[in-house]
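# Overview (structure and organization)
One letter stands for each residue in the lines below.
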Amino acid sequence: YLNQRTKYWDTPEYLVDVASFFYGSDKGLGNRILSNTLEKPTPGYEELRGTYLKSMEIGNHELALVTANKMITDFPTKTQSYLDVAKAQERLGNYQLASNLYHGILDGNANPNINFRGLEKLVGADLRNLVNQKGKHLDVSKVSAAYRNNLTYNARLVLEWNNTDAEFVVQFVNPQKRFFNWEHTEVADKKRIMDEIQYGFGSEQFEIVGPETVGDWILNVTYMGNRTVGNKMPTFLKCTVQYNFGKANQYSEEFLVRLQDNGDEQQLAKFSVQ
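Summarised in this report is the structure supplied together with it. Keep in mind the model is a prediction, meaning the values are calculated, not measured.

Before going further, it helps to spend a moment on the nonpolar core. Counting residues in each nonpolar core, the largest one holds 46 residues, and the members touching the most others are Tyr-52, Leu-83, Tyr-102, Ile-105 and Leu-119. When contributions to this core are tallied by element, the ones reaching two or more residues are helix H2 (14-23), helix H3 (27-35), helix H4 (45-58), helix H5 (61-74), helix H6 (79-91), helix H7 (95-107) and helix H8 (120-134). Here this core takes seven residues from H2, the largest share from any one element. Beyond its immediate stretch of four places on either side in the chain, Tyr-52 contacts Ala-64, Thr-67, Ala-68, Met-71, Asp-84, Lys-87, Ala-88 and Glu-160.

Right, here's the structure in full:
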């Protein structure tokens, strides 16, 4: 790594890839390598968010918070960064700070100059869940009544990606071996893609509810490349599974893959819903 890093320093996926390699044998070294992204004078948004997603996946929430705050500083019109900060704060146990920011996103006060509408569903679920899971640690007097009632699912899935230009298809295979596809492509949903570009977000949630959803699930992803010709920006895709969402025994698991070659299909996640 010390011999190679000068050669690959400007390759956006390099530090995440090398950190991932070392996490299996030396977590501390992996963390140090991943944090090198912040030493770059002008890291791009996609590179920073790739670092954030990896940090969250391996549980380095301190680095995730620092990275998310840098995204807000360097790219203040990207709405996703505000949610990323709130989620990192929540993982660190800073529940009031997370609640305040969730609420600020929903009422627009987090940044009155940008439009957070693309994140309303996600943030509403996060705030409601935080209030009901950690309410005894919170001052909820400013939280709208609309977000104080609890919602429960067998599981909630959150997909997050760092590169808005990427096109990919996620295949959900349910316990009955039936499947459906969610397409992140301009052909399938041009309005959504345009909103992502305009407002700067890259995440979506899915609710798994009902007795027929109990059992083994598989998520596969097929990478279709970047829409912009010549754009070689790598794409990291993370799946967070929140089991027993909204219940006292809620817990989560995270999966991260890098989408590399056009047409490649790989398994994103495999998990069981009880």
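If you walk through the whole model with that rule in mind, you get 18 salt bridges. A salt bridge links Lys-87 to Glu-160; its shortest N-O distance comes to 3.5 Å. Within this pair, whereas Lys-87 is found in helix H6, its partner Glu-160 is found in strand S1 (residues 155-161), the two being separated by 73 residues in sequence. No difference in accessibility class separates Lys-87 from Glu-160, as the two residues are buried. Glu-186 is the partner of Arg-227 in a salt bridge, and the nearest nitrogen-oxygen pair spans 4.0 Å. On the criterion of sequence distance, the pair formed by Arg-227 in the loop between strand S5 (215-226) and strand S6 (235-243) and Glu-186 in the loop between strand S3 (179-184) and helix H9 (190-199) is long-range, its members being 41 residues apart.

Turning our attention to unusual backbone geometry. A negative phi angle is the norm for most residues apart from glycine, just as the trans form is the norm for most peptide bonds. Phi angles above zero are rare outside glycine, and Lys-177 is one such case at about 65°. In this structure, Asn-244 takes a positive phi of about 50° despite not being glycine. Note that Asn-244 resides in the loop between S6 and strand S7 (251-259). Asn-244 sits in the buried class, given a relative accessible area of 12%.

Glancing now at the environment of Gly-200. Along the chain, Gly-200 turns up in the loop between H9 and strand S4 (203-208). Residues Gly-200 and Thr-79, 121 residues apart in the sequence, show an inter-C-alpha distance of 5.3 Å. Setting aside chain neighbours within four positions, we find Gly-200 in contact with Tyr-45, Lys-78, Thr-79, Gln-80 and Asp-195.

This paragraph deals with the sheet that holds S4. Strand order across the open sheet formed by four strands is S4-S1-S6-S7, with antiparallel pairing between neighbours. Here the strands that pair on one side only, and so sit at the sheet edges, are S4 and S7. Sheet twist, expressed as the mean angle between neighbouring strand axes with direction ignored, is 15°. Inspection of the sheet shows S6 paired to S7 by nine bridges, in the antiparallel sense. Bridging from a neighbouring strand, Gln-242 pairs with Ser-252 of S7.

Mapped onto the elements of the fold, Lys-54 is located in helix H4. With residues near it in sequence (within four places) discarded, Lys-54 still touches Val-16, Ser-20, Tyr-23, Leu-34 and Leu-256.

The rolling of a water-molecule-sized probe over the atoms marks out the regions of remaining empty space. In the structure shown here, the tally under the stated rule is two cavities of 30 Å³ or more. Reported here for the largest cavity is a volume of approximately 40 Å³. Lining the largest cavity are Tyr-45, Arg-49, Lys-78, Trp-161, Asn-162, Asn-163, Thr-164, Gly-200, Phe-201 and Gly-202. Considered class by class, the residues forming the lining of the largest cavity number three nonpolar, five polar and two charged. Of the volumes computed, that of the second largest cavity is approximately 30 Å³. As for the second largest cavity, its lining consists of Ala-125, Arg-128, Asn-129, Leu-151, Tyr-153 and Phe-245. A class-by-class count of the residues in the lining of the second largest cavity yields four nonpolar, one polar and one charged.

If you walk across this open sheet you meet the four strands as S3-S2-S5-S8, and the pairing is antiparallel. If you trace the sheet from one side to the other, it starts and ends with S3 and strand S8 (265-273), each paired once. Within this sheet the neighbouring strands show an average axis-to-axis angle of 20°, counted without direction. Two elements, strand S2 (residues 166-173) and S3, share six bridges in a ladder whose sense is antiparallel. Bridging from a neighbouring strand, Phe-168 pairs with His-184 of S3.

Let's shift gears to the packing of H7 against H8. Contact pair H7 / H8: the axes reach a minimum separation of 9 Å and the direction vectors enclose 150°. Between H7 and H8 lies a crossing whose hand is left-handed. Every residue of H8 that contacts H7 at Tyr-95, Ala-98, Ser-99, Tyr-102, His-103, Ile-105 and Leu-106 is listed here: Glu-120, Val-123, Gly-124, Asp-126, Leu-127, Leu-130 and Lys-134. Here the contact of H7 with H8 is composed, by residue class, of eight nonpolar, three polar and three charged.

Procedures and definitions
- Residues numbered from 1 in each chain as written.
- Predicted model: local features only at pLDDT ≥ 70, side-chain atom pairs only at ≥ 80, totals over all residues.
- Heavy atoms only, no water.
- Core = buried A, V, L, I, M, F, W, Y, C linked by side-chain atoms within 4.5 Å.
- Buried < 20%, exposed > 50% of the residue type's maximum accessible area, 1.4 Å probe, protein only.
- Helix = DSSP H or I, 4+ residues; strand = E, 2+ residues; numbered from the N terminus.
- Contact = heavy atoms within 4.5 Å.
- Salt bridge = Lys/Arg side-chain N within 4 Å of Asp/Glu carboxyl O.
- Pairing = 2+ DSSP bridges.
- Axes fitted to C-alpha atoms, helices over the stretch in contact; angles between N-to-C directions.
- 1 Å grid on protein atoms, 1.4 Å probe; cavity = no way out; pocket = protein on both sides within 12 Å on 5 of 7 lines; lining within 4 Å.
- Points joined across faces, edges and corners; volume = space filled by probe spheres on them.
- Nonpolar A, V, L, I, M, F, W, Y, C, P; charged D, E, K, R; others polar.
- Left-handed = near helix turned anticlockwise from the far one by under 90°.

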